[in-house]
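Architecture at a glance
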Amino acid sequence: MDKQQLIKKVTFVCKGCKTTIALDIPKDSDGIEELISDLHGSKCPKCKTILSHQTTEILKAINEYNKSLPKLCKLLKEHNAKVD
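Residues numbered from 1 in each chain as written. Predicted model: local features only at pLDDT ≥ 70, side-chain atom pairs only at ≥ 80, totals over all residues. Heavy atoms only, no water.

Listing the buried residues of helix α1 (residues 29–38) in full gives Gly 31, Ile 32, Leu 35 and Ile 36. Viewed end-on, α1 has its buried residues packed into an arc of 140°, placing them on one side of the element. In α1, the exposed positions angled more than 90 degrees off the buried face are occupied by Asp 30, Glu 34, Ser 37 and Asp 38. Contacts made by the buried residues of α1 are with β2 (20–24) and α2 (52–78). (Buried < 20%, exposed > 50% of the residue type's maximum accessible area, 1.4 Å probe, protein only. Helix = DSSP H or I, 4+ residues; strand = E, 2+ residues; numbered from the N terminus. Arc of directions from axis to C-beta. Contact = heavy atoms within 4.5 Å.)

Structure (structure tokens):
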């Protein structure tokens, strides 16, 4: 396990019209928080279904995952352990 397993992209599918919206995930936590803020009140570009709650929840979870991964990798290496 290494930093290459950080989540780098997410694709949302609108529940209303099935349009896909792909977002690149910033490498740092501040960038993700900024992206969350920028997407507040976001709507599907095609049918205008509100997406902000969906995107916010997923981006917050990605942020937590990406923040915790380096520590996990370090601990696994220090203790000669691995995960599957």
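Further remarks concern the nonpolar core. Nonpolar side chains tend toward joint burial in soluble globular proteins. Within the largest apolar cluster, 10 residues are counted, these being Val 10, Phe 12, Leu 23, Ile 25, Ile 32, Leu 35, Ile 36, Leu 39, Leu 59 and Ile 62. Contributing elements (two or more residues each) for this core: β1 (9–13), α1 and α2. Looking at this core, the element that brings in the most residues is α1, giving 3 residues. Once residues within four sequence positions are removed from consideration, Leu 23 is found in contact with Lys 8, Lys 9, Val 10, Phe 12 and Leu 39. (Core = buried A, V, L, I, M, F, W, Y, C linked by side-chain atoms within 4.5 Å.)

This brings us to the pairing of β1. Burial along β1 is one-sided: the face carrying Val 10 and Phe 12 is buried and the face carrying Lys 9, Thr 11 and Val 13 is not. Taken together, the 5 bridges between β1 and β2 define a ladder with antiparallel strand orientation. The partner of Thr 11 across the bridge, within β2, is Ala 22. The turn joining β1 and β2, which pair antiparallel and follow one another in sequence, is formed by 6 residues; a positive phi near 70° is taken by Lys 18. (Pairing = 2+ DSSP bridges.)

What follows is about the pattern of salt bridges. Applying the stated criterion to the full structure yields 3 salt bridges. Here Lys 9 ties to Asp 24 by a salt bridge, and the two come within 3.6 Å at their closest N and O atoms. With Lys 9 in strand β1 and Asp 24 in strand β2, the pair connects residues that are 15 residues apart, well separated along the chain. With its nearest N and O atoms 3.8 Å apart, the salt bridge here joins Glu 78 to Lys 74. (Salt bridge = Lys/Arg side-chain N within 4 Å of Asp/Glu carboxyl O.)

These figures come from the coordinates and say nothing about function on their own.
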